[in-house]
Amino acid sequence: AQTVTQSQPEMSVQEAETVTLSCTYDTSENNYYLFWYKQPPSRQMILVIRQEAYKQQNATENRFSVNFQKAAKSFSLKISDSQLGDTAMYFCAFISLYGGSQGNLIFGKGTKLSVKP
Amino acid sequence: EPEVTQTPSHQVTQMGQEVILRCVPISNHLYFYWYRQILGQKVEFLVSFYNNEISEKSEIFDDQFSVERPDGSNFTLKIRSTKLEDSAMYFCASSNNEQFFGPGTRLTVL
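Just so it is clear, the structure is predicted and the values come from calculations on it, not from any experiment.

Participant: Talk me through the pattern of salt bridges; I want residue IDs and the actual numbers.
Facilitator: In the structure shown here, the tally under the stated rule is six salt bridges over all chains. Close ionic contact of A:Arg50 with B:Glu98 constitutes a salt bridge, the shortest N to O distance being 3.5 Å. Within this pair, whereas A:Arg50 is found in strand β6 (residues 46-52), its partner B:Glu98 is found in the loop between β9 (88-95) and β10 (99-101), the two belonging to separate chains. Beyond isolated ion pairs, a larger network of salt bridges with shared partners links A:Arg50, A:Glu52, A:Lys55 and B:Glu98.

Rendered as structure tokens:
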């Protein structure tokens, strides 16, 4: 069974600084996607960034980038130039592509990020 | 931009009552999901639905739960006899490739 582990329950960062959130996962499959979701106090789940396992290049979305280490099964999220609006829970998630893209997402327990002014 | 919608945003019910949570997925999506998040915990998969039938369900999704796509538009989650531990946020998602989440329904069971 696949598992997703986020070892940092809480983190804080000063506004404009850079922070990295850790995520590791366990799977025997070779074809999958990884995601980072942001959940602000409104509790809406917002997709931040996605990485296809077959791509060696790390995904980037503006101030958000990932460090995907497939052999180590590691998928960290780097937030550059942190903003107050980045304060939220961040969930790492995994989806297997075995059997197509209709698999369910498996989430980590989340990291609560606080950006301080 | 198309989005997944959910109603109601907050539902309060008495233990033992039936509740129906409603979702309108993105119109051209084929795969539908329900997830649950108990306060302070991680998001957990409940059930996936494709081609008018359940494609996968978790051990959480017991006989108290059912899903339906009654009219080709709505996608509903019914909890037959609610328990205190059913109190949670319930998220609907739809997908053709990437899953898009609705804003969630907060269910409070008293």
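Participant: Quick one: what's the story with the interface of chain A and chain B, residue by residue and with numbers?
Facilitator: Listed by partner, the interface residues are 18 residues for chain A and 22 residues for chain B. Run the count over chain A and chain B and you get one salt bridge. For the interface between chain A and chain B, the tally reads four residue pairs in polar contact (both at pLDDT 80 or more). Secondary-structure elements contributing two or more residues to the side of chain A that touches chain B are β5 (32-39), β6 and β10 (88-96) of chain A. For the side of chain A that touches chain B, the element with the most residues is β5(A), which contributes three residues. Split into classes, the residues belonging to the side of chain A that touches chain B amount to eight nonpolar, seven polar and three charged.

Participant: For the sheet that holds strand β8 (residues 75-79) of chain B, give the residues involved together with the corresponding values.
Facilitator: Residues and elements named next belong to chain B. Here we have four strands laid out as an open sheet, ordered β1-β3-β8-β7, and antiparallel in their pairing. Of all strands in the sheet, those bounded by a partner on one side alone are β1 (5-7) and β7 (65-68). Here the average twist between neighbouring strands, direction ignored, is 20 degrees. Of the pairings in the sheet, the one linking β7 to β8 comprises four bridges and is antiparallel in character. Along β8, the bridge assignment pairs Glu68 with Thr76.

Participant: Lay out the layout of surface pockets with the relevant residues and their values.
Facilitator: Space inside the largest pocket adds up to approximately 460 Å³. The wall of the largest pocket is formed by 22 residues, among which A:Gln2, A:Asn104, A:Leu105, A:Ile106 and B:Phe45 lie closest to the centre. Taken together, the elements giving at least two residues each to the lining of the largest pocket come down to β1 (3-5), β10 and β11 (106-107) of chain A together with β5 (43-50) of chain B. In terms of residue class, the lining of the largest pocket is made up of 11 nonpolar, six polar and five charged.

Participant: Give a description of unusual backbone geometry that names residues and reports values.
Facilitator: Of the consecutive residues B:Thr7 and B:Pro8, the connecting peptide bond is found in the cis state with omega at -10 degrees. A positive phi angle, near 55 degrees, is found at A:Asn62, a position not held by glycine. With respect to the element layout, A:Asn62 can be found in the loop between β7 (60-61) and β8 (64-69).

Participant: Tell me about the nonpolar core, residues and numbers included.
Facilitator: Residues and elements named next belong to chain A. Formed by 25 residues in total, the largest nonpolar core has its most connected members in Tyr25, Trp36, Phe75, Leu77, Tyr90 and Leu113. Ranked by residue count, the leading element in this core is β10, at four residues. Excluding residues within four positions of it along the chain, Tyr25 makes contact with Thr3, Val4, Tyr32, Leu34, Phe68, Gln69, Lys70, Lys73, Ser74, Phe75 and Phe94.

Participant: Please set out the state of the cysteines residue by residue, giving values where relevant.
Facilitator: Residues and elements named next belong to chain A. One pass over the structure, following the stated rule, counts two disulfides over all chains. Note on cysteine connectivity: Cys23 is disulfide-linked to Cys92, with sulfurs 2.0 Å apart. Looking along the S-S bond of the Cys23-Cys92 disulfide, the torsion reads about -70 degrees, which is the left-handed sense. Taken together, the positions of Cys23 in the loop between β3 (19-21) and β4 (24-26) and Cys92 in strand β10 put the pair 69 residues apart, joining distant regions of the chain. Take Cys23: its relative accessible area is 2%, and that puts it in the buried class.

Participant: Go over the pairing of strand β3 (residues 19-24) of chain B, please, and point to the residues and values.
Facilitator: Residue and element names in this part refer to chain B. Because side chains alternate across β3, one face comprises the buried residues Val19, Leu21 and Cys23, and the other comprises Ile20, Arg22 and Val24, none of which is buried. The sheet contact formed by β1 and β3 spans three bridges and is antiparallel. Across the sheet, Thr5 pairs through a bridge with Val24, a residue of β3. As paired elements, β3 and β8 share five bridges and run antiparallel to each other.

Definitions and cut-offs
- Residues numbered from 1 in each chain as written.
- Chains lettered and ligands numbered in written order.
- Predicted model: local features only at pLDDT ≥ 70, side-chain atom pairs only at ≥ 80, totals over all residues.
- Heavy atoms only, no water.
- Salt bridge = Lys/Arg side-chain N within 4 Å of Asp/Glu carboxyl O.
- Helix = DSSP H or I, 4+ residues; strand = E, 2+ residues; numbered from the N terminus.
- Contact = heavy atoms within 4.5 Å.
- Polar contact = N/O pair within 3.5 Å; in protein donor to acceptor, adjacent residues only side chain to side chain.
- Nonpolar A, V, L, I, M, F, W, Y, C, P; charged D, E, K, R; others polar.
- Pairing = 2+ DSSP bridges.
- Axes fitted to C-alpha atoms, helices over the stretch in contact; angles between N-to-C directions.
- 1 Å grid on protein atoms, 1.4 Å probe; cavity = no way out; pocket = protein on both sides within 12 Å on 5 of 7 lines; lining within 4 Å.
- Points joined across faces, edges and corners; volume = space filled by probe spheres on them.
- Core = buried A, V, L, I, M, F, W, Y, C linked by side-chain atoms within 4.5 Å.
- Buried < 20%, exposed > 50% of the residue type's maximum accessible area, 1.4 Å probe, protein only.
- Disulfide = S-S within 2.5 Å.

None of this, on its own, says anything about what the molecule does.
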